[in-house]
Amino acid sequence: FSEARQKKPCRLLSPLPVVQISERPLVHQESLPKLPVPPLQQTCSRYLASLEPLISAEEMTHTRELMDEFLRPGGIGERLQKSLERRARKTENWVRKKHALHYNCTLSLQSKHSLDYRFAAKLIAGVLDFKSMIDSHTLPVEYLGGKPLCMDQYYQVLSSCRIPGPKRDTVVNYAVGKTPPTHITVVHNFQFFVLDVYNSDGSPLTVDQLYVQLEKIWNSSLQSNKEPVGILTSNHRNTWGKAYNNLIKDKTNKESVRAIQKSIFTVCLDAPKPRVSDEMYFNKVAAQMLHGGGSRWNSGNRWFDKTLQFIVGEDGSCGLTYEHAPAEGPPIVFLVDHVVDYMKRSEMVRTPMIPLAMPQKLRFNITPEIKKDIEKAKQNMNIMVNDLDVRVLNFTHYGRKFPRSYKMSPDAFIQMALQLAYYRMYQTCCPTYESASLRMFKLGRTEAIRSTTTESLQFTKAMDDPSKHKAALLEEAIKVHRKHTHMAIHGQGIERHMLGLRMIAIEDLTSLPDIFMDTSFAVASHFNLYTSQVGSKTDCVMCLGPMVPDGYGICYNPMDDHINFAVTAFNSCEETNATRLSQFLEDSLLDMKTLLEQVSKTQ
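Criteria and thresholds
Residues numbered from 1 in each chain as written. Predicted model: local features only at pLDDT ≥ 70, side-chain atom pairs only at ≥ 80, totals over all residues. Heavy atoms only, no water. Helix = DSSP H or I, 4+ residues; strand = E, 2+ residues; numbered from the N terminus. Rg over C-alpha atoms; globule rule 2.2 N^0.38 Å. Buried < 20%, exposed > 50% of the residue type's maximum accessible area, 1.4 Å probe, protein only. Contact = heavy atoms within 4.5 Å. Areas by Shrake-Rupley, 256 points an atom, 1.4 Å probe, with all protein chains shown as cover. Pairing = 2+ DSSP bridges. Axes fitted to C-alpha atoms, helices over the stretch in contact; angles between N-to-C directions. Parallel < 35°, antiparallel > 145°, perpendicular 65-115°, else oblique. Left-handed = near helix turned anticlockwise from the far one by under 90°. Nonpolar A, V, L, I, M, F, W, Y, C, P; charged D, E, K, R; others polar. Polar contact = N/O pair within 3.5 Å; in protein donor to acceptor, adjacent residues only side chain to side chain.

Visitor: I'm lost on the overall build of the protein in this one. Help?
Guide: What the protein contains, in helices and strands, is 19 helices and 19 strands. Taken over C-alpha atoms, the radius of gyration comes to 25 Å for the protein, in line with the 25 Å a tight globule of 603 residues would show. A burial count over the protein gives 58% of its 603 residues as buried. Long-range contacts, defined as pairs at least 24 residues apart, comprise 76% of the intrachain contacts of the protein with a sequence gap of at least 6. Of the roughly 26,100 Å² of accessible surface on the protein, 53% is carried by carbon and sulfur atoms.

If you want it as structure tokens, here you go:
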């Protein structure tokens, strides 16, 4: 963990700050509004506008004809809208999605220099301190623009796990049962241990006690020739589902798997990675947090279905990976900020002199069939590790204070820099997804802000044309982006509404309406840039993979005076290159700064 820099309340894809107010979260939970279904006409006209920079005039004419048909009075569009509105009235949140995709994000923190059990013990104690707020319902409520936000996700991240199913996965939260879990799992050299983190009187173990227990675990798992059972969880969901049923046929295996699933969270004590140059170090650490570096290194030292896994490397690298089904980034970031603050405090707790039992090692009986599944998972993981390129860009020339000094939204400013970088690299724009939070609504998750607009394209085209008034175009593009952001977080986005209409059509109609079979619909949903701002007090890098094979995943954390970016792409795609895009991004941010400074000089 790095020193956390003090700053104002974090921003949530919005010009308004998110503020925390100490009051009982569940009081507000019931009074939160339900997510609205936007007006059909509004979504359809905004959808057409979002296509303008992306498709030809000919294609646009064709799509408009299909849209006219869809919106015909008394036609399919109206019928689907009515069905969706009925569903919205009957359910708490009409967008709640089934878990079909497996999706992990990571957060990488600046490193120490070597593994220190006390550091790992303090980290565990910090998470347990956060858990005490969850258990006592004293977590401060977050507000955005004077309105309370849904706090439900905070209650889903601990003691939860994704469970493979034959048709779809489920997420089980064991904290809500009669006997909530009191243990975490620790994994070292592919060997899993149950570590009870509470004394018999219900008090959490102190840092000293945790230190002693971690040392015991370390010393009893030094052999590194064990089968990496955890690597099975990295497989495609269908493959893992079959291997899972195979694995839990055995009673011992089933008990071990249940102990991992039920644990409050997992701590992965990772073996050191091969040494790399200083400039490659943060790229490698971010990749290590995302996938473990391959079967030779730490990919088997994980249980990827577990909602929260904290990773502490022997070389001092540190971070976490989280399974995306139960929660988005903000609750995870809040937890990290809390743990970082906790770790800076000096310890005042006297440790009871009670000898603690040896943490229980979890046993697995490996049949030839399971061994075959593990080998297959290793191969698949190594292909994926070699395919994913991760680049961390620590942009040090300025941070969010700079655009703010020009009364511009830092998030919109960074999004325009991404548009410019992509345009310069490819001489065209592409569909862009920016994640926005729907937590103003009950059980709200995310909406997409479509960052590529007619205005953003006008700006990017003009930027390298000496005859154009670029600053005014940048200002206009930022204004439009802010408007789209405002609409998205207030439940008036396009993406979820179009998805809802399409899902209702799949359920209710014999054939999909032409508007959803249109090539333009596929083009607009193929997000070559998949982006997310994760604002944190802690100087950290968050990382996610691309959404499409020929795309990029871009995460950014704007601090006051610098911005941390992580850019990912697949090596198997010849057109994408994370290093080149990072370079274009750095140049774009610098050129946009120069542009604003030149304009202010002439005024």
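Still more ground to cover, so stick around.
Visitor: Help me understand the pairing of strand 10 (residues 308-313) in this model?
Guide: The side chains of a regular strand alternate between the sheet's two faces. Along strand 10, six of the six residues are buried, which leaves the element largely enclosed by surrounding structure. Residues of strand 10 alternate between two faces, with Leu308, Phe310 and Val312 on one and Gln309, Ile311 and Gly313 on the opposite face, all of them buried. As paired elements, strand 9 (residues 266-270) and strand 10 share five bridges and run parallel to each other. Each bridged residue has a counterpart across the sheet, and for Leu269 the counterpart in strand 10 is Val312.

Visitor: I would appreciate a short explanation of the packing of helix 7 (residues 237-247) against helix 11 (residues 368-387) in the present structure.
Guide: To characterise two packed helices, one gives the angle between the axes of the helices and the distance between these axes. It is at 10 Å that the axes of helix 7 and helix 11 come closest, and there the two elements cross at 155°. It follows from the interaxial angle that helix 7 and helix 11 lie roughly antiparallel. The handedness of the crossing between helix 7 and helix 11 is left-handed. Packed against helix 7, whose contacting residues are Thr239, Ala243, Asn246 and Leu247, the element helix 11 presents Glu369, Ile370, Asp373 and Lys376 at the interface. Residue composition of the contact of helix 7 with helix 11, by class: three nonpolar, two polar and three charged.

Visitor: What exactly am I supposed to notice about the environment of Phe119 here?
Guide: Tracing the sequence through the fold places Phe119 in helix 5 (residues 117-135). On the basis of relative accessibility, which here comes to 8%, the residue Phe119 falls in the buried class.

Visitor: What is the right way to look at the side chain of Asn564 in this model?
Guide: Looking at the element boundaries, Asn564 is found in strand 19 (residues 563-570). Polar contacts involving the side chain of Asn564 include one to the side chain of Asp539, which spans 2.7 Å. A polar contact of 3.1 Å, which involves the side chain of Asn564, links it to the backbone oxygen of Cys540. Setting aside anything within four residues of it in sequence, one finds Asn564 in contact with Leu393, Asn394, Asp539, Cys540, Val541, Cys555, Tyr556 and Asn557.

Visitor: Even after reading the chapter, I still don't get the sheet that holds strand 19, so can you show me in this structure?
Guide: Taken together, six strands build an open sheet; the order of strands is 13-19-18-16-14-15 and the sheet is mixed. If you trace the sheet from one side to the other, it starts and ends with strand 13 (388-395) and strand 15 (446-450), each paired once. Strand-to-strand, the axes of this sheet are offset by a mean angle of 20°, without reference to chain direction. Sheet topology note: the strand 14 (residues 432-437)/strand 16 (residues 529-533) ladder contains three bridges and is parallel.

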